Each structure stands twice: as structure tokens, then as C-alpha cells.
Amino acid sequence: MKKFILRSAAFIGDIAASVLDTLKEEESSKRLLDSGILEVDSMTGKEFENFLYVHFRNFGYGVTLTQDTQDYGADLILYKDGSKTVVQAKRSKNPVGIKAVQEVAGAVRHYKGNKGRVITNNRFTENAYNLAESNGVELWDRKQLIEFILTAKKCK
């Protein structure tokens, strides 16, 4: 009888831990969904990637975060309507240059994507726009990011 009680208590403990983990994950997602551009400006790069992950999922995309290192120039892979978009996320205090465009252009080929996109909370340099145009890479600057955030919030 004692073994049964101990096993039951352990089982209930496992269930409680699982419920708490789920609640923490839901709270974290809600916090990210409620965030705005000013919060983005103070995020780390990894927090920005998670922020985009939650918003794209809320927007109806299938989303995969790449590994933290050796990601071949991609931070997120987006899936929607049979298309695969490779994303480089750049949370930056400075304008984003050609390096991000080069990285995502290579990542599109590596991940066999249909297109590439660089998303930043800042702006892009003229050279970044030129290189993006010749490589078919979409650039989302601060203005487009704000519009995306506002639209994704309406999808709740």
C-alpha cells in the first residue's frame, strides 16, 4: 500500500509539473504577443527570434527555430501555403548592412527555401537594399515590423 501511495504521489507530481510548464509557456507566449516595438528594441537577439516565432505562429504560419549555432544564416523557417521562407532576424541598434542579406541568401539555398527575408527593428543600408534586390531577398524594416506586430495581434 505504501508503494502505491508513493507511486501515486510521484505521478501526481509529474502531472503538476507538466501543467506548470504548459502554463509558463502560455504566459511567455502571451507576454511576447503583447509586446510592442519599444520592447523589441530592448530584447536580445534570441528574444527577438522567439518574439517573431510567436507572432508568425499566431499569424497562421508553421515555424521552426533553427539551432543557436551553425544555423547557416537562418534564424526561423516559415511554412505557409506550400512555401518555405528562410528568415534572418536582426534586432539591432544600427542600420543592417549586406552581411545579413548574404547570410540569408546562402541559407535559402541550404534549407531549400522558396525565398529569404531579413527582419529588423531598425533600417537597412542602401547596399543591403541593392544586394537584396539582386538576390530576391525581402527586407522588413522597422515600419514593416510594426505593421506585422499590429496585424498579428489582431489574429488572437
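For the structure, see preceding data.
Read on for a plain summary of the structure. Everything numeric here is computed off the predicted structure, so don't read it as measured data. (Residues numbered from 1 in each chain as written. Predicted model: local features only at pLDDT ≥ 70, side-chain atom pairs only at ≥ 80, totals over all residues. Heavy atoms only, no water.)

### Regarding the overall build of the protein
What counts is decided by this rule: Per the convention used, a helix needs a DSSP run of H or I reaching at least four residues, while a strand needs a run of E reaching at least two, with both numbered from the N terminus. Contact criterion: two residues are considered in contact whenever any of their non-hydrogen atoms come within 4.5 Å of each other. The Shrake-Rupley method, run with a 1.4 Å probe, gives the accessible areas here. Residue values count only the displayed protein chains as cover.
When helices and strands are tallied, the protein shows 6 helices and 5 strands. Here the contacts in the protein between residues at least 6 apart in sequence split such that 54% fall between residues at least 24 apart. For the protein, the accessible area works out to roughly 9600 Å², and carbon and sulfur atoms hold 54% of it.

### Observations concerning the packing of helix 4 (residues 98-110) against helix 5 (residues 126-135)
As a reminder of what qualifies: What counts as an axis is a line fitted to C-alpha atoms, over the stretch in contact for a helix, and the angles between N-to-C directions run from 0 to 180 degrees. Angle categories are assigned with fixed cut-offs, so that under 35 degrees is roughly parallel, over 145 is roughly antiparallel, 65 to 115 is roughly perpendicular, and the rest are oblique. Here is the rule for handedness: rotate from the far helix to the near one, and if that takes an anticlockwise turn smaller than a right angle the crossing is left-handed, while a clockwise turn gives right-handed. Classification used: nonpolar for Ala, Val, Leu, Ile, Met, Phe, Trp, Tyr, Cys and Pro, charged for Asp, Glu, Lys and Arg, polar for all others including Gly.
Relative to each other, helix 4 and helix 5 sit at 20°, their axes nearing to 8 Å. The orientation of helix 4 relative to helix 5 falls into the category roughly parallel. Remark: the crossing between helix 4 and helix 5 carries right-handed chirality. Across from Ile 98, Val 101, Gln 102 and Ala 105 in helix 4, the residues of helix 5 making contact are Asn 127, Ala 128, Leu 131, Ala 132 and Asn 135. When grouped by side-chain class, the residues that make up the contact of helix 4 with helix 5 number 6 nonpolar, 3 polar and no charged.

### As for the pattern of salt bridges
Oppositely charged side chains can form a pair if their charged atoms are brought close together. We apply this condition: For this analysis, a salt bridge means a side-chain nitrogen from Lys or Arg found within 4 Å of a carboxyl oxygen belonging to Asp or Glu. The cut-offs for exposure are 20% and 50% of the maximum accessible area for each residue type, with area from a 1.4 Å probe on protein chains only; residues under the lower value are buried, those over the upper are exposed, and the others partly exposed.
Scanning all chains against the criterion turns up 6 salt bridges. Here Glu 49 and Lys 46 are joined by a salt bridge, their closest N and O atoms 3.2 Å apart. Of the two residues, Glu 49 and Lys 46 both sit in helix 3 (residues 45-58), 3 residues apart, roughly one turn of that helix. Classification of Lys 46 as partly exposed rests on a relative accessible area of 30%.

### A look at the pairing of strand 2 (residues 76-80)
Along a regular strand, successive side chains alternate from one face of the sheet to the other. We apply this condition: The pairing criterion for strands is at least two bridges between them, as found by DSSP.
In terms of strand pairing, strand 1 (residues 62-65) meets strand 2 through 4 bridges, oriented antiparallel. Residue pairing across strands places Leu 65 opposite Leu 76, the latter belonging to strand 2. Where strand 2 lies against strand 3 (residues 83-90), 5 bridges are found, and the strand directions are antiparallel. Its bridge partner lying in strand 3, Lys 80 is registered against Ser 83. The antiparallel hairpin formed by strand 2 and strand 3 contains 2 residues in its connecting segment, where Asp 81 sits at a positive phi of about 50°.

### Re helix 4
Here is the rule we go by: To estimate the expected span of a helix, count its residues, drop one, and scale the result by 1.5 Å. Each C-beta atom gives one direction from the helix axis, and the arc is the one those directions make.
A rise of 1.5 Å per residue sets the reference length of helix 4, with its 13 residues, at 18 Å; its end C-alpha atoms lie 18 Å apart and thus fit the reference within 8%. Ala 100, Val 101, Val 104, Ala 105, Ala 107 and Val 108 are the residues of helix 4 that are buried. Taken around the axis of helix 4, the buried residues stretch over an arc of 165°, which confines them to a single face. Opposite the buried face of helix 4, by more than 90 degrees, sit the exposed residues Lys 99 and Arg 109. As for helix 4, its buried residues are in contact with strand 3, strand 4 (115-120), helix 5 and strand 5 (137-140). The positive-phi residue at the C-terminal boundary of helix 4 is Lys 112, with phi of around 55°.

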